[in-house]
Amino acid sequence: MSSQIVFRPDDTILIKNVRLSYEHVFKPWSMNPGEKQKYSGKFLMPKTTHKAEIQALGSHLMKMCQEKFKSKLPADKLFLRDGDASGKPEQEGHFIVSASEDKKPNVINRDKTPLAEEDDVVYSGCYVHVLIRPWSQANSFGKRINANLLAVQFAKDGERFSGVSRPDVDQVFDDESGALDDATGHAAAGAGSGSGEFSFD
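Take the environment of Val 152 next. Inspection of the secondary structure puts Val 152 in strand β8 (residues 142-156). In the structure, Val 152 is positioned 138 residues away from Leu 14 in sequence and 9.6 Å away in space, judged by C-alpha atoms. Aside from chain neighbours lying at most four places away, what touches Val 152 is Val 25, Phe 43, Asn 106, Val 107, Ile 108, Val 128, His 129 and Val 130.

This is the structure:
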């Protein structure tokens, strides 16, 4: 099997066949009010299928830390984290790549045609290929190795994470056509209280 991670000459990294979680690739989002909204996502790398790729990415991060800071950084200061320590069942057995960007990332289908949110092709739970660019931060907020989110390509479907499923309308609503007195949809006589006021008695 060919490698599922590609370290490109322009310092970007392509990671293939990862599962998208916390999808915000079409609209910017922020967890906390007042924070700057960004396009973002978390990308799950299974330890069973991406062992070599996780090791390669981890080594790349350690090299960046040495080059930029001359020391290691705590795990919570890196864009790659062990999902077993997250306390979230869906992240167990994975390493998590967190990436974000001010500018909207390119989101494309398998045939490389652009995708929009309303296409409902890319969602939390599907599998994608993701292009990121790691970068070092050293300012008043501390030292970190972050990752910019540059592009996402749909790879295959997966079970949706925390999605709100659309129920079958036939199981939810009754046929109300008999309650209308004409084609304009006006309520039949006697359908209401007649007073036009609410009563709490």
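Following the structure, the description resumes.
When pLDDT is averaged along the protein chain, the result is 87; 83% of the residues meet or exceed 70. Throughout residues 189-201 the model reports pLDDT below 50, and contacts reaching past four residues in sequence, or to other chains, amount to zero contacts.

Attention now moves to the side chain of Ser 21. Take Ser 21: it is sitting in strand β2 (residues 13-29). Of the residues examined, Ser 21 reaches a relative accessible area of 3% and is grouped as buried. Residues contacting Ser 21, with those up to four places away along its chain left out, are Gly 41, Lys 42, Leu 44, Ser 124 and Phe 161.

If you look at the biggest cluster of nonpolar residues, it comprises 35 residues, and the most contacted ones within it are Ile 15 and Phe 43. Only β2, β3 (38-46), α1 (51-69), β5 (94-101), β7 (127-139) and β8 provide two or more residues apiece to this core. Residue contacts for Ile 15: discarding those within four places in its chain leaves Gln 4, Ile 5, Met 45, Leu 57, Val 97, Val 128, His 129, Val 130 and Ile 132.

As a further point, take the packing of aromatic side chains. The tally for this structure, following the rule as stated, stands at zero aromatic pairs. A cation over an aromatic ring shows up here: Lys 156 above the ring of Tyr 127, its NZ or CZ 4.9 Å from the ring centre. In this arrangement the basic side chain of Arg 160 is found over the ring face of Tyr 123, its NZ or CZ atom lying 4.0 Å from the centre.

Counted according to the given criterion, the structure contains six salt bridges. Between Asp 82 and Lys 47 there is a salt bridge, with the nearest N and O atoms lying 2.9 Å from each other. Of this pair, Asp 82 sits in strand β4 (residues 80-82) while Lys 47 sits in the loop between β3 and α1, and the two are 35 residues apart along the sequence. For Asp 82, a relative accessible area of 31% translates into the label partly exposed. Members of the salt-bridge network, linked through shared partners, are Lys 47, Asp 82 and Asp 84.

This part is about the environment of Ala 138. Looking at the element boundaries, Ala 138 is found in strand β7. Remark: the alpha-carbon pair of Ala 138 and Phe 69, spanning 69 residues in sequence, is separated by 8.8 Å. When residues no more than four places from it in sequence are discounted, the contact partners of Ala 138 are Phe 69 and Lys 143.

Put simply, side chains in a regular strand alternate between the two faces of the sheet. Bridge count between β2 and β7: five bridges; the pairing is antiparallel. Bridge pairing links Ile 15 to Val 130 in β7. Bridge count for β7 against β8 is 13 bridges, and the pairing is antiparallel. Its bridge partner being in β8, Ala 138 is matched across the sheet by Lys 143.

Thresholds applied
Residues numbered from 1 in each chain as written. Predicted model: local features only at pLDDT ≥ 70, side-chain atom pairs only at ≥ 80, totals over all residues. Heavy atoms only, no water. Helix = DSSP H or I, 4+ residues; strand = E, 2+ residues; numbered from the N terminus. Contact = heavy atoms within 4.5 Å. pLDDT = per-residue confidence, 0-100. Buried < 20%, exposed > 50% of the residue type's maximum accessible area, 1.4 Å probe, protein only. Core = buried A, V, L, I, M, F, W, Y, C linked by side-chain atoms within 4.5 Å. Phe/Tyr/Trp six-rings, centres within 6.5 Å; stacked < 30°, edge-to-face > 60°. Lys NZ or Arg CZ within 6 Å of the ring centre and 35° of its normal. Salt bridge = Lys/Arg side-chain N within 4 Å of Asp/Glu carboxyl O. Pairing = 2+ DSSP bridges.

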